[in-house]
Amino acid sequence: MNKLTPQEIKARIHLEQVIKQDWQPPVKRYADWWMFFCPFHPNTRTPALGVNLKTGTFKCFSGECGVQGDLFTWHMLRHNTDFKTAQAYYREQLPNVASHPMNARSELKQRRPAEPPGALWQLQALAFLQLCQTTLWEAGGEPGRKELARRGVQEYTARRWSLGYNPRWRKEPGSAWGLPHAQTVWLPRGLTIPAFVGMDLWYLKIRIFGHNGKPVEKHAGKSKYLQIQGSRPALFGMDHFAGRANLLLAESELDAILVWQESGDLLDIASLGGAGKQLDSHWIPYLLPYRRIFLAYDQDKAGLHGARKLAALSQRLVVSPPPEGDLTDFHQTGGDVRDFIAQFMST
Ligand SMILES: [Zn+2]
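Since we're looking at a predicted model, the values are computed, not measured. Think of each chain on its own: its residues are numbered from 1, step by step along the sequence as written. pLDDT decides what is reported in this predicted model: residues at 70 or higher carry local features, side-chain atom pairs at 80 or more are listed and counted, and totals for whole chains, interfaces and linings draw on all residues regardless.

**Some remarks on the overall build of the protein**
1) Next: A run of H or I in DSSP counts as a helix once it spans at least four residues, and a run of E counts as a strand once it spans at least two, with each numbered from the N terminus. Summing up its helical and strand segments, the protein has 11 helices and 15 strands in all.
2) Next: Considering only residue pairs separated by 6 or more positions, the protein has 57% of its internal contacts joining residues 24 or more positions apart. By definition, residues are in contact whenever their C-beta atoms, placed on the basis of the backbone, come within 7 Å of each other.

Written out as structure tokens, the structure reads:
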């Protein structure tokens, strides 16, 4: 018998193929995910069991079940056995599967799974964020509070979404954040907007403010936002999902926060952090439970340009651009965001 380690076994056997043979074929296939009916809870309506082809792991996305694991966990759960037996089982299988060219998973190492920034980055970012959160509600945070008030974002909302204000530009060496030494972590003055998923901070974005204490406008190709070095793309808002039937994808984080404040009881809210941002397939299964997904992007960008990966969800996607400008503009000019949302939900 071969002496392969569990890691080597996992690199050679495709979990999705095992499930296909051991259980039944997948119901849907997205870029990096195959969705199966879950054998671990009674359900024949939603294919809730997702297998990530990049990581070789599975997870049931239904709230009441939630099983997850890898190749070995699958065998242990399905056949009510232990890790040793599961290992022995796959070792025996290997001579057959290894010869199959489809199973040469040599690219596994290069295809890194989506994961949050490292531990040192988390520590630094959280410390910075805490400082900014405190500052926002002190004298030095006045510019930030003014901007939030202008946008109609209330204090309660700002606190719930852990918004903060950084009063002065700073830069730090990448090495202090666990990044390559040559990189610099710029921390511009402005509103800090964190994207948490559970305990992990995935990215930290800053709405940049100028010396005059006002948000800068877009000019000379320079963005109004800076996503700080080392951030990783994530689905903004996931931490506030409340299991509603429908989801609204707002164009920006601040739009999402405003909609949550105004209509969080009607639907769940998320943002990809910009109309041009694509959704990493890692997050797609989290969107599958939604009956409909409303894309409330600016009128001009509503063509789903740049959000092509969302095509995987096309049947439930509904494009619902706000009547004018973005949702914040609409709110500022006296538009009733809640009414707007209730209206398109009823169509
Ligand atoms: Zn399940």
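**Things to note about the nonpolar core**
For soluble globular proteins, the rule of thumb is that nonpolar side chains tend to be buried together.
1) Next: By our criterion, buried Ala, Val, Leu, Ile, Met, Phe, Trp, Tyr and Cys residues that link up through C-beta atoms within 7 Å make up a nonpolar core. Counting other C-beta atoms within 10 Å of a residue's own tells you its class, since 20 or more makes it buried, 12 or fewer makes it exposed, and anything in between is partly exposed; those C-beta atoms are placed from the backbone. In this structure, Leu 248, Leu 249 and Val 259 are the most contacted members of the largest nonpolar core, which totals 80 residues.
2) Next: Once you skip the residues sitting within four places of it in the chain, Leu 249 turns out to touch Ala 270, Ser 271, Leu 272, Ile 293, Phe 294, Leu 295 and Ala 296.

**Here's the deal with the sheet that holds strand β12 (residues 246-250)**
Two orientations exist for strands paired in a sheet by backbone hydrogen bonds: parallel and antiparallel.
1) Next: Strand order in the open sheet formed by four strands is β13-β12-β14-β15, with parallel pairing between adjacent strands. A single partner strand is all that each edge strand has here, and the edge strands are β13 (268-271) and β15 (317-319). Between one strand axis and the next, the sheet turns by 25° as a mean value, whatever way the strands run.
2) Next: In this fold helix α8 (residues 253-263) packs onto β12 and β13, with an angle of close to 170° to the strand it touches most, β13. Strand pairing is defined by DSSP finding a minimum of two bridges between the two strands. Angles shown run from 0 to 180 degrees and are taken between the N-to-C directions of axes, each axis being a line fitted to C-alpha atoms and, for helices, limited to the stretch in contact.

**Overview of the packing of α8 against helix α11 (residues 337-345)**
1) Next: Where α8 meets α11, the closest approach of the two axes is 9 Å, and the angle between their N-to-C directions is 80°. Classified by the interaxial angle, the pair formed by α8 and α11 is roughly perpendicular. Note on element contacts: α11 touches α8 through Val 337, Arg 338 and Ile 341, opposite Leu 258, Val 259, Glu 262 and Ser 263. An angle below 35 degrees is read as roughly parallel, one above 145 as roughly antiparallel, one from 65 to 115 as roughly perpendicular, and any other as oblique.

**Thoughts on the sheet that holds strand β10 (residues 200-208)**
1) Next: A sheet is described by the order of its strands in space; here four strands give the open sequence β6-β9-β10-β11, paired in antiparallel fashion. Taken across any chain shown, the strands that pair with only one partner, and hence form the sheet edges, are β6 (164-166) and β11 (225-227). Ignoring which end each strand starts from, the neighbouring axes of this sheet average 30° apart.
2) Next: Where strand β9 (residues 190-197) meets β10, eight bridges bridge the pair, whose relative direction is antiparallel. Bridge pairing in β10 links Val 197 to Asp 200.

**Points about the environment of Ser 281**
1) Next: Looking at where Ser 281 falls in the secondary structure, it is placed in the loop between β13 and α9 (284-287).
2) Next: Along the sequence, Ser 281 and Trp 33 sit 248 residues apart, while their C-alpha atoms lie 7.5 Å from each other.

**A short note on the confidence of the model for the protein**
1) Next: Here pLDDT means the predictor's own confidence in every residue, given as a number from 0 to 100. The predicted model of the protein has a mean per-residue pLDDT of 85, with 89% of residues at 70 or higher.
2) Next: When pLDDT is averaged over each element of the protein, β6 comes out on top at 98 and β15 at the bottom at 74.
3) Next: In the predicted structure, residues 98-111 sits below a pLDDT of 50 and forms 11 contacts with residues beyond four places in sequence or in another chain.

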